[in-house]
Amino acid sequence: MSPENFRIPRRNGKRKKTETDLSFADTLRVMLEDLKSKLRTAYIEKVKGECVFCKMIEEENQKIIYQNDLIAVFPPLKSGALKEGHLLVVPRKHSEDIFEMEGSEAEEYFGQIKDIADKLKEKSRYSGVNILSANGKEAQQSIRHMHTHLILRENDDGYDMWPKTDYKGQSFKEVNKELSNLIKD
Ligand SMILES: [Zn+2]
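Cut-off values and rules
- Residues numbered from 1 in each chain as written.
- Predicted model: local features only at pLDDT ≥ 70, side-chain atom pairs only at ≥ 80, totals over all residues.
- Helix = DSSP H or I, 4+ residues; strand = E, 2+ residues; numbered from the N terminus.
- Buried ≥ 20, exposed ≤ 12 C-beta atoms within 10 Å, placed from the backbone.
- Contact = placed C-beta atoms within 7 Å.
- Expected span 1.5 Å × (residues − 1).
- Pairing = 2+ DSSP bridges.
- Axes fitted to C-alpha atoms, helices over the stretch in contact; angles between N-to-C directions.
- Core = buried A, V, L, I, M, F, W, Y, C linked by C-beta atoms within 7 Å.

Below, the discussion takes up the overall build of the protein chain. On a plain count of helices and strands, the protein chain comes out with four helices and five strands. From first element to last, N terminus to C terminus, the protein chain shows the α and β order α-α-β-β-β-α-β-β-α. Expressed as a percentage of its 185 residues, the buried residues of the protein chain come to 10%. A separation threshold of at least 6 residues defines the contact pool for the protein chain, and within that pool the share at least 24 residues apart is 53%.

Right, dumping it as structure tokens:
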């Protein structure tokens, strides 16, 4: 098709939008965005109000062994510790899980975990660490405030932290092929 006979189709039979229409639509859009933002803030405030980790951080609970602007570190609640040296690293800002965190927040957060792991390896008797984070109810996340378990390990401590399942590798190849394609997309 040459440029001469190429025509942009005209919209027939429809009233042309006036400036008044546009500004009304824009006003509605702004109002809607504002309402959505207010609802979201209200939702986060409500969840925060009921969140045990937010409460601990806000009240500077004495179980907190370390905190800075970004994170707080404390042992698991109740008797959830698997051994001594089992810690939770919790972002101060409430996000339910990794999916809800902004990219920059997640980067900073995992950077903090790296710093803590490095420091403890260098300075304590613990030379290894298991790092585990459950994200989503499907992944058995119990407290819906992002957190990561650091289970500090030392030589021949006698613990086995590796999860056991009955899976025999039946659909390994097919599923991995599918996942590979999804990651590449
Ligand atoms: Zn929270």
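What follows continues from the structure just given.
Next up on the list: helix H4 (residues 172-184). Every α-helix winds through 3.6 residues per turn, so residues three or four apart in the chain are directed the same way. The first and last C-alpha atoms of H4 sit 18 Å apart over 13 residues, in line with the 18 Å expected at 1.5 Å per residue. Counting buried residues in H4 gives zero out of 13 residues, a small share hidden from the surface.

For Lys78, which is not glycine, the phi torsion reads 50° and is therefore positive. Considering the arrangement of structural elements, one finds Lys78 in the loop between strand E2 (71-74) and strand E3 (86-91). Phi angles above zero are rare outside glycine, and Gln140 is one such case at about 65°. Here Gln140 falls in the exposed class, since 8 other C-beta atoms lie within 10 Å of it.

All right, on to the environment of Gln67 then. Structurally, Gln67 is set in strand E1 (residues 66-67). Judged by C-beta crowding, with 15 C-beta atoms within 10 Å, Gln67 ranks as partly exposed. With 22 residues separating them along the chain, Gln67 and Val89 place their C-alpha atoms 9.4 Å apart. The residues touching Gln67, leaving out its near neighbours within four places in the chain, are Ala72 and Val73.

Strand order in this open sheet of five strands is E1-E2-E3-E5-E4, and the pairing throughout is antiparallel. The sheet is open, and its two edges are formed by E1 and strand E4 (128-132), each paired on a single side. As judged from the four bridges shared by E2 and E3, these two strands associate in the antiparallel manner. Across the sheet, Ile71 pairs through a bridge with Pro91, a residue of E3. Helix H3 (residues 103-123) rests against E2, E3, E4 and strand E5 (148-153) of the sheet, and its axis sits at about 150° to E3.

Once that is clear, we can look at the pairing of E2. Of the strand pairs in this sheet, E1 and E2 are connected by two bridges, and their pairing is antiparallel. Residue pairing in the sheet places Tyr66 in a bridge with Val73 of E2. Between E1 and E2, which follow one another and run antiparallel, lie three residues.

Another aspect to go through is the pairing of E5. Note: E3 against E5, four bridges, orientation antiparallel. Opposite Leu88, over in E5, you have His149 as the bridge partner. Sheet topology places E4 next to E5; five bridges connect them, and they run antiparallel. Within E5, the residue paired with Val129 across the bridge is Leu152.

Membership of the largest hydrophobic core comes to 13 residues, with the highest contact counts inside it found for Ile71, Ala72, Leu87, Leu88, Val89, Val90 and Leu150. Every element with two or more residues in this core is listed here: helix H2 (52-58), E2, E3 and E5. Top element by residues in this core is E3. It accounts for four residues. Residues within four places of Leu150 in sequence aside, it is in contact with Leu87, Val89, Ile116, Ala117, Val129 and Ile131.

Note that all results are geometric; they support no functional claim without further evidence.
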